[in-house]
Amino acid sequence: MLVLNAARRPRKRTGRARIGLAVAGGGPIGCMYEMGALRALDEAIDGLDLRALDVYVGISSGAFLAAGLANRFDTAELCRIFITDDSDQAKFRPEDFLRPAFFEYLRRAAGMPRMLLGWFGDIARNPFDMRMSDALLRFGSLLPTGLFDNAAIGRFLADLFSTNGRSNDFRRLGRKLHVVAVELDSGEAVRFGAPGHDDVPISLAIEASAALPGLYPPVRIGDRYYVDGALRRTLHASVALDAGADLVIGINPLVPIDTTRALASGKRAPPSLIEGGLPAVLSQMFRTLLQSRAQAGASSYALRYANADLALFEPNPDDVEMFFTNVFSFAQRQRLAEHAYRATRADLRVRRAEIAPLLARHGLHLRDDVLDDASRTLVGGLRKPPGATRATRNLHSALNDLDQALQAPSVSGRRTRKAAARSRG
C-alpha cells in the first residue's frame, strides 16, 4: 500500500533535490520485507541512487539497511548478504542472532539469594501485610530482560562496516545517517549520528536500536541503557525532514490485517483473529499501534513540512502472508523478500499516474519496462555480471563516489577546479 503526502508548497530549487530514506523496524521479517521493497524501488525508479541519498534514518531492523546503504552497499549486495547467502563480502548466519543470552540469565540468577533474603525479612517484619502482587513484582526482577544475546549483532556489523573502504564511524561516512534508539530510563528518543551522539560506533548504535524488550537485553552505551527505537515512534521520518529533505521515502513493514478484506479477495484467513489465540491478538494490537503512529506522523508532516513530499510504502491491509509469518523467523526470508518486491512494484504500477508527477519534481522517473515486466523477480536480478570481481565492484563504487563528489556544488570543489586550471595554464 502506497501512502502519498504531496507537498502543499513545493520548494523552488535551483539545484538537485535532497532525498531522504526512513526505514522502520519489524524484526527479521520486517527487515526482509524492507529489503525486497528497497530492491524494487532501486530498479523501478530511474535517477534514484539509494547509496547516494542526503540523509538516512533507521530504526531497529531498518537500521541495518539504512546503515548498509549509507555505507555504499547497493541493494543487490544487501540481498546477497541477507537473502540468498551468496555474497563474497559477508556471511550472514541467522543462528548467530538467536543465541541465548546466557550472561543475562546468570546475572539475574545471581541476584536470587539477595532477593529471597530480603523477601523473607519483609515477611518476618510484616507477616500479615504481604500480597501476591508484591511477590510477583519481586520475582519478576529475576526474569532476564532479553532471551537472546545481541552482542553478535554488533560484532557482525562492526566487521561488515570495517572492510572495503567502509566505515563504522558516523563522522566518516560522508552521508548523514541517524540510528534512533530509546533511552530506557527516560523514555526519550536519541538520534545516534547527530552531533553529540556521533562518537558511538554505528554497529553499537544499531545493536541498541534493535534491542526489542523481551527479545534482546537493553544495550549499555556510556552510563545509559538503550532499547528499540520503535518504542517512541514508528518511522521517525521527521528526522530526515528536519535535515532538509525535499522528498522522503519511508517503509513500514508491519500493519494490521483486515481479515474481512482478505476473505473478500479470496485469500486464506480465519473469520476472526480470536481463533489464533493470544499471539494473534497481540500481533494485531502491536501492528495497529505501529501503523496508527506512522499515519499520525505522516498526516502531521503535511502541516509541519509543507515544502516536502513523503511516499510511504506498507503491506496491503489484506496481506495475510506478512501477518501470519512469525515476526522473528529467518526461515522464510527469500519468500518474503520476493513478496515485498512484487507488492512494491504493484503499488508503483497501479498508482503511477499519481506518483510520477511527484517523483518528477525531484528529477526521478518511473521505469515502465520494469513495472510492466510480469516475469521479473528479485532473485533473478541478483545474478552477477560476467567477470565481476570484488576489485571491479570496488572500482565502480569508487568511481560512483567520485562522480557524486564532482557533481556537488561545493566551494572546495570550485577551488580545486580553479587550481587545476592555473596549473594547466
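Because the structure is a prediction, the values reported are computed rather than measured.

1. Concerning the overall build of the protein chain
Part 1 of the argument: Of regular secondary structure, the protein chain possesses 17 helices and eleven strands.
Part 2 of the argument: Scored against the burial criterion, the 425 residues of the protein chain give a buried share of 49%.
Part 3 of the argument: Nonlocal contacts in the protein chain, meaning residues at least 24 apart in sequence, comprise 78% of its contacts between residues at least 6 apart.
Part 4 of the argument: With the model as given, the accessible surface of the protein chain reaches about 20,600 Å², and the carbon-plus-sulfur share is 57%.

2. What to know about the nonpolar core
For soluble globular proteins, nonpolar side chains are generally found buried alongside one another.
Part 1 of the argument: Counting 105 residues, the largest nonpolar core has Leu48, Leu177, Phe192 and Ile206 as its most contacted members.
Part 2 of the argument: The biggest single contributor to this core is helix 1 (residues 27-44), with ten residues.
Part 3 of the argument: With near-sequence residues (within four places) excluded, Phe192 lies in contact with Phe170, Leu177, His178, Val179, Ala181, His197, Val200, Ala205, Ile221 and Tyr226.
Part 4 of the argument: One finds Ile257, Ala262, Ala269 and Phe323 within the second-largest nonpolar core, a separate group that totals seven residues.

3. Some details on the environment of Leu38
Part 1 of the argument: With respect to the helices and strands, the residue Leu38 is situated in helix 1.
Part 2 of the argument: Overall, the relative accessible area of 3% leaves Leu38 in the buried class.
Part 3 of the argument: The spacing of Leu38 and Gly250 is 212 residues in sequence and 10.0 Å in space, taken between C-alpha atoms.

4. Some thoughts on helix 3 (residues 75-84)
Part 1 of the argument: Among the ten residues that make up helix 3, ten are buried, leaving the element largely enclosed by the rest of the structure.
Part 2 of the argument: Turning to helix 3, its buried residues number three or more, namely Thr75, Ala76, Glu77, Leu78, Cys79, Arg80, Ile81, Phe82, Ile83 and Thr84.
Part 3 of the argument: At the exit of helix 3 stands Asp85, carrying a positive phi of roughly 60°.

5. Brief notes about the packing of helix 2 (residues 61-70) against helix 3
A packed helix pair is summarised by two numbers, namely the angle formed by the two axes and the spacing between the axes.
Part 1 of the argument: Helix 3 packs onto helix 2 with a crossing angle of 135° between their chain directions and a minimal axis gap of 10 Å. Between helix 2 and helix 3, the interaxial angle falls into the category oblique. The two elements helix 2 and helix 3 cross, and the hand of that crossing is right-handed. On helix 3, the residues that touch Phe64, Leu65, Gly68 and Leu69 of helix 2 are Thr75, Leu78 and Phe82.
Part 2 of the argument: In terms of residue class, the contact of helix 2 with helix 3 is built from five nonpolar, two polar and no charged.

6. Quick word on the packing of aromatic side chains
Part 1 of the argument: Taken as a whole, this structure holds eight aromatic pairs when the rule is applied.
Part 2 of the argument: Ring plane angle 65° and centroid distance 6.1 Å describe the contact between Phe82 and Phe156, whose orientation is recorded as edge-to-face. Of the two residues, Phe82 is situated in helix 3 and Phe156 in helix 7 (residues 151-160); the sequence distance between them amounts to 74 residues.
Part 3 of the argument: On the accessibility criterion, Phe82 (3% relative accessible area) is buried.
Part 4 of the argument: Residue classification places Phe156 among the buried residues on the basis of a relative accessible area of 13%.
Part 5 of the argument: Here the aromatic cluster, defined as three or more aromatic residues joined through ring pairs, consists of Phe64, Phe82, Phe92 and Phe156.
Part 6 of the argument: The residue whose ring lies beneath Arg166 is Phe73, and the NZ or CZ to ring-centre distance is 3.6 Å.

7. Focus: the pattern of salt bridges
Part 1 of the argument: Under the counting rule described, the total for this entry stands at 22 salt bridges.
Part 2 of the argument: Residues Arg39 and Glu43 are paired through a salt bridge, measuring 3.2 Å at the closest nitrogen-oxygen approach. Here Arg39 pairs with Glu43, and both are found in helix 1, just four residues apart, close to one helical turn.
Part 3 of the argument: Owing to a relative accessible area of 8%, Glu43 belongs among the buried residues under this scheme.
Part 4 of the argument: Linking Lys267 and Asp318 is a salt bridge whose minimum nitrogen-to-oxygen distance equals 3.4 Å. Within this pair, whereas Lys267 is found in the loop between helix 10 (259-264) and helix 11 (277-304), its partner Asp318 is found in the loop between strand 10 (309-313) and helix 12 (320-323), the two being separated by 51 residues in sequence.

What counts and how
- Residues numbered from 1 in each chain as written.
- Predicted model: local features only at pLDDT ≥ 70, side-chain atom pairs only at ≥ 80, totals over all residues.
- Heavy atoms only, no water.
- Helix = DSSP H or I, 4+ residues; strand = E, 2+ residues; numbered from the N terminus.
- Buried < 20%, exposed > 50% of the residue type's maximum accessible area, 1.4 Å probe, protein only.
- Contact = heavy atoms within 4.5 Å.
- Areas by Shrake-Rupley, 256 points an atom, 1.4 Å probe, with all protein chains shown as cover.
- Core = buried A, V, L, I, M, F, W, Y, C linked by side-chain atoms within 4.5 Å.
- Axes fitted to C-alpha atoms, helices over the stretch in contact; angles between N-to-C directions.
- Parallel < 35°, antiparallel > 145°, perpendicular 65-115°, else oblique.
- Left-handed = near helix turned anticlockwise from the far one by under 90°.
- Nonpolar A, V, L, I, M, F, W, Y, C, P; charged D, E, K, R; others polar.
- Phe/Tyr/Trp six-rings, centres within 6.5 Å; stacked < 30°, edge-to-face > 60°.
- Lys NZ or Arg CZ within 6 Å of the ring centre and 35° of its normal.
- Salt bridge = Lys/Arg side-chain N within 4 Å of Asp/Glu carboxyl O.

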